[in-house]
Amino acid sequence: MGLFFELEIVYLVIGVFFLVIAAVVTTRDFMPKGAFKKGMIGVLGAIILMVGFHYTITIKRIHGVEEIFNNGETVICENKMHRTIAKSVLLSKSLGWRLEDHLFKHDEYERDFHSSRCVDWIGSDDIYKDENKSE
């Protein structure tokens, strides 16, 4: 349940915001009788469907990325800290990264990456060999 709130709290807050808007709009004088009940049920149903769908897709991606990483392959994560330098970071066990509680960690790197923000690296792992040749 903690992972659900960690991943979806922003969307739940947005959902509550839309529920408040629906409540305000459906209680106006110009709205027909029963609009509040129908509006709240409709908006709440849509929010539940969207948040549930997003959570399901995110959990599938998390498990896929973690399985790929645990098999020794490379994953790529977005780097929001240094947008001007690199927009993404390649992570693998061979580079010294480890996975702890859905977080990719490295002793020499200042921040961790949540596995929900990573995808499979489909590029070539030869990039590391090419970098070493140029030195």
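Our subject is the structure that appears above.
Report follows, based on the coordinates. It should be emphasised that the depicted structure is a prediction, and the values quoted were computed from it without experimental measurement.

## Some thoughts on the nonpolar core
In step 1: In terms of nonpolar packing, the biggest core is built from 11 residues, these being Val-65, Ile-68, Phe-69, Val-75, Cys-77, Val-89, Leu-91, Trp-97, Phe-104, Phe-113 and Cys-118.
In step 2: The leading source of residues in this core is helix H2 (residues 35–70), at three residues.
In step 3: When residues no more than four places from it in sequence are discounted, the contact partners of Cys-118 are Arg-61, Val-65, Ile-76, Cys-77, Phe-104 and Phe-113.
In step 4: In terms of nonpolar packing, the next biggest core, distinct from the first, is built from six residues, Phe-4, Leu-19, Ala-22 and Ile-47 among them.

## Side note on the environment of Asn-70
In step 1: Topologically, Asn-70 is positioned in helix H2.
In step 2: The class of Asn-70 is partly exposed, set by a relative accessible area of 43%.
In step 3: As a C-alpha pair, Asn-70 and Lys-93 span 23 residues in sequence and 7.8 Å in three-dimensional space.
In step 4: Beyond its immediate sequence surroundings of up to four residues, Asn-70 is in contact with Lys-93 and Leu-99.

## Focus: the state of the cysteines
In step 1: Considering all chains together, one arrives at one disulfide under this definition.
In step 2: One disulfide in the model links Cys-77 with Cys-118; its S-S distance is 1.8 Å. The sign of the 100° torsion about the S-S bond sets the Cys-77-Cys-118 disulfide as right-handed. Placement of Cys-77 in strand E1 (residues 75–78) and of Cys-118 in strand E6 (residues 118–120) is noted, with a sequence separation of 41 residues between them.
In step 3: For Cys-77, a relative accessible area of 1% puts it in the buried group.
In step 4: Classification of Cys-118 by relative accessible area gives buried; the value is 0%.

## Focus on the environment of Asn-79
In step 1: Tracing the backbone through its elements, the reader meets Asn-79 in the loop between E1 and strand E2 (88–91).
In step 2: For the pair formed by Asn-79 and Arg-111, sequence separation is 32 residues and the distance between their alpha carbons is 9.7 Å.

## What to know about the environment of Gly-42
In step 1: Looking at the element boundaries, Gly-42 is found in helix H2.
In step 2: Once the C-alpha coordinates of Gly-42 and Leu-19 are considered, the two residues, 23 residues apart in sequence, prove to be 9.8 Å apart.

## Things to note about the sheet that holds E1
In step 1: Reading across from one edge, E2-E1-E6 is the order of the three strands in this open sheet, with antiparallel pairing throughout. If you trace the sheet from one side to the other, it starts and ends with E2 and E6, each paired once. Each adjacent strand pair in this sheet contributes to an overall mean axis angle of 30°, direction not counted.
In step 2: Sheet analysis places E1 next to E6, joined by three bridges and oriented antiparallel. Residue pairing for E6: Cys-77 is matched across the bridge by Cys-118.

Conventions adopted
- Residues numbered from 1 in each chain as written.
- Predicted model: local features only at pLDDT ≥ 70, side-chain atom pairs only at ≥ 80, totals over all residues.
- Heavy atoms only, no water.
- Core = buried A, V, L, I, M, F, W, Y, C linked by side-chain atoms within 4.5 Å.
- Buried < 20%, exposed > 50% of the residue type's maximum accessible area, 1.4 Å probe, protein only.
- Helix = DSSP H or I, 4+ residues; strand = E, 2+ residues; numbered from the N terminus.
- Contact = heavy atoms within 4.5 Å.
- Disulfide = S-S within 2.5 Å.
- Pairing = 2+ DSSP bridges.
- Axes fitted to C-alpha atoms, helices over the stretch in contact; angles between N-to-C directions.

Everything listed here is a matter of coordinates, which is why it stays silent on function.
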